[in-house]
Amino acid sequence: STFRVGVVGAGMMGADHIKRLTQTISGADVSAVIEPDAERANAALESTRDATAYMRVEDALEAGAVDGLLVATPGFLHEPVLLPAIEAGIPTLCEKPLTPDPESSLRVLEAEQAGGRRLIQVGFMRRFDPEYRQMRQLVESGDSGELLLLRCAHRNPQVPDSYQQESLINDSVVHEFDIVPWLAGSPIRSVEVKFARRNPLTPERLREPILVLMELENGVLVDLEMNVSIQFGYQVTTEAVFDSGVARIGEPAGMQTWRSGRFSMGEHADFTTRFATAYDAQVQAWVDAARAGTTTGPSAWDGYRVAVACEAGVASLGGGGQRTIDIPPTPAFYA
Ligand code: ISE
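Nothing here was measured: the structure is a model prediction, and the numbers come from that model.

1. A short note on unusual backbone geometry
Then comes step 1: Of the consecutive residues Lys96 and Pro97, the connecting peptide bond is found in the cis state with omega at -10°.
Then comes step 2: Within the secondary structure, Pro97 is located in the loop between strand E5 (92-95) and helix H5 (102-115).
Then comes step 3: Cis peptide bonds are those with omega within 30 degrees of zero, and the linkage from Glu208 to Pro209 qualifies with 5°.
Then comes step 4: Residue placement: Pro209 occurs in the loop between strand E8 (188-195) and strand E9 (210-216).
Then comes step 5: The backbone phi angle of Gln231 is positive, close to 65°, even though this residue is not glycine.
Then comes step 6: For Gln231, a count of 10 C-beta atoms within 10 Å gives the class exposed.
Then comes step 7: Residue Ser260 is not a glycine yet carries a positive backbone phi of 50°.
Then comes step 8: Given 6 C-beta atoms within 10 Å, Ser260 falls into the exposed group.

2. Quick look at the UniProt feature "domain: Gfo/Idh/MocA-like oxidoreductase N-terminal" (unreviewed entry) in the chain
Then comes step 1: Here the UniProt feature "domain: Gfo/Idh/MocA-like oxidoreductase N-terminal" (unreviewed entry) sits at residues 3-123.
Then comes step 2: Secondary structure over residues 3-123 splits into 41% helix and 23% strand, and the C-alpha atoms at its two ends are 19 Å apart.

3. Thoughts on the site of the ligand
Then comes step 1: Taken together, Asn156, Asp171, Ser172, His175 and Phe271 make up the full set of residues near the ligand.
Then comes step 2: Sorting elements by how many residues they give to the shell around the ligand places helix H7 (residues 167-184) first, with three residues.
Then comes step 3: A per-class count over the shell around the ligand returns one nonpolar, three polar and one charged.

4. Observations regarding the UniProt feature "domain: GFO/IDH/MocA-like oxidoreductase" (unreviewed entry) in the chain
Then comes step 1: UniProt records the feature "domain: GFO/IDH/MocA-like oxidoreductase" (unreviewed entry) at residues 132-246, using the numbering of this structure.
Then comes step 2: End C-alpha atoms of residues 132-246 are separated by 14 Å, and the span's content is 24% helix alongside 36% strand.

5. Digging into the pairing of E8
Then comes step 1: Sheet analysis places E8 next to E9, joined by seven bridges and oriented antiparallel. In the sheet register, Glu192 faces E9, and the bridge partner there is Leu213.
Then comes step 2: Sheet topology places E8 next to strand E15 (residues 323-324); two bridges connect them, and they run antiparallel. The partner of Val191 across the bridge, within E15, is Arg323.

6. Some remarks on the domain arrangement of the chain
Then comes step 1: Split into domains, the chain comes out as domain 1 (3-124 + 277-298) and domain 2 (127-274 + 307-334).
Then comes step 2: Taken over C-alpha atoms, the centre of domain 1 sits 26 Å from the centre of domain 2.
Then comes step 3: In this complex, domain 1 contributes 18 residues to the contact, which on the side of domain 2 involves 15 residues.
Then comes step 4: Put simply, the parts of the chain that give the side of domain 1 that touches domain 2 at least two residues each are H5 and helix H9 (276-291).
Then comes step 5: It is H9 that contributes the most residues to the side of domain 1 that touches domain 2, five residues altogether.
Then comes step 6: The residue inventory of the side of domain 1 that touches domain 2, partitioned by class, reads nine nonpolar, six polar and three charged.

Reading the values: rules and limits
- Within any chain, residue numbers begin from 1 and follow the written order of that chain's sequence.
- Under the rules for a predicted model, residues below a pLDDT of 70 receive no local features and side-chain atom pairs below 80 are neither given nor counted, while totals for whole chains, interfaces and linings still include all residues.
- Put simply, DSSP marks the helices as runs of H or I at least four residues long and the strands as runs of E at least two long, and each gets a number from the N terminus on.
- Remark: C-beta atoms are placed from the backbone, and a residue is labelled buried if 20 or more other C-beta atoms sit within 10 Å of its own, exposed if 12 or fewer do, or partly exposed between those counts.
- UniProt positions are given in the numbering used here, feature names are shortened, and annotations may be inferred rather than shown by experiment.
- For each residue, a C-beta position is placed from the backbone atoms; the residue is near a molecule or strand when that point lies within 6 Å of it.
- Residues are grouped as follows: Ala, Val, Leu, Ile, Met, Phe, Trp, Tyr, Cys and Pro are nonpolar; Asp, Glu, Lys and Arg are charged; every other residue, Gly included, is polar.
- When DSSP finds two or more bridges between two strands, those strands count as paired.
- Domain delimitation in this document rests on an assignment produced automatically or drawn from a domain database.
- Residues are scored as being in contact if the C-beta atoms we place from backbone atoms lie within 7 Å.

Dropping the structure here:
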C-alpha cells in the first residue's frame, strides 16, 4: 500500500518536496500538509492529489493521517515536531539541521532511544549525490593512495533577508560538517574561521566570504571557501588531494557552447537543481526504508555531531580562534 507522507512546512523546501513526492517518488503520496499559514497551505494542496491540511502536527497524528513525516520547517521548529512524531512511532525525514544546538539535539536523541528504535533520517542530501558517493568510494578503495587534503568551495549567488551572520555556519557550512567526515572517514578535531577581504556586494549585516579550516582526527586538512554573495551562480565543489593523484567533483557538466569567440557551459542558479538528483535519491531511500520498517542515511546522532561542530564554528566565527571539537563515541544504538 502507498506510504502516506505528511509534509510539515510548505515554504520553499516543503513545496519542492511535495512536488517530488507527488511526481517523482514511487510508493509514496502526500496525504497531509501541516502548515499554519492558510495561503501557503492552499498553494501546497493544489500540487497534491488529495491531501488534507492541518494546523499542527499533533492534529495529523491524532487523525491517523500519516505513515511518515517530512519536516521542512526552519531548524528551530524541528524539536516540537520530532518529539510527538517519536512518541507516535512515525518515521521522519528531517531537513537539516536536526535542531539548532547540541542540547536540543540531545533531547531528540534521548527520546528516540527511549522509544527503542531509530525513526529519524536527517536531510544531509549530499550523501546521496552521485559524485560525492564516487569520491567517497575512491577514498575507501585506496586507488589513488591516502587522502591528504580536501579543498572545498561552497558558493551561493546571494542569500535571502532572513540569512544572518551565524547562518554562514548553521545553514551553509552545516553541510560540510556532515559530508567532510563522511568523505574522509574521520571526525573533525578542530575548526577555525578566517575572514577574507569583504565582498562589497555582501549585504550590510554580513561579513564574508570566510575560510573555514578543519583538522580531522586522521590528519587530513580541509579548507572550505564559504561564499554567499558571488552572484554568478550556485557552485559546490570539492578537490581531494591524495598521495598520488587528485579528484574533483561539482564541476560544471552538460552541453558546451562555442559562440561569438566564447566557449561556455551552464552553471546552476540554486541548490534545487544542483542537488536535484541527491534530493530525489534521498527521499526515495527514506520511503523505501520506512516501508521496509528500517531506517537509512544520516541518523539523529549525525545531526547531533553536526550541531556540536556548528557550535564550535559559530564560536570561531565570533572571534574565538581555533576551537577543538569533542564528540563522545557513537552509542551502540546508532552504530
Ligand atoms: C541552504 O539552507 C542550503 O541548505 C543550501 O544547500 C546551501 O547552499 C545554502 O547556503 C543554505 O542557505
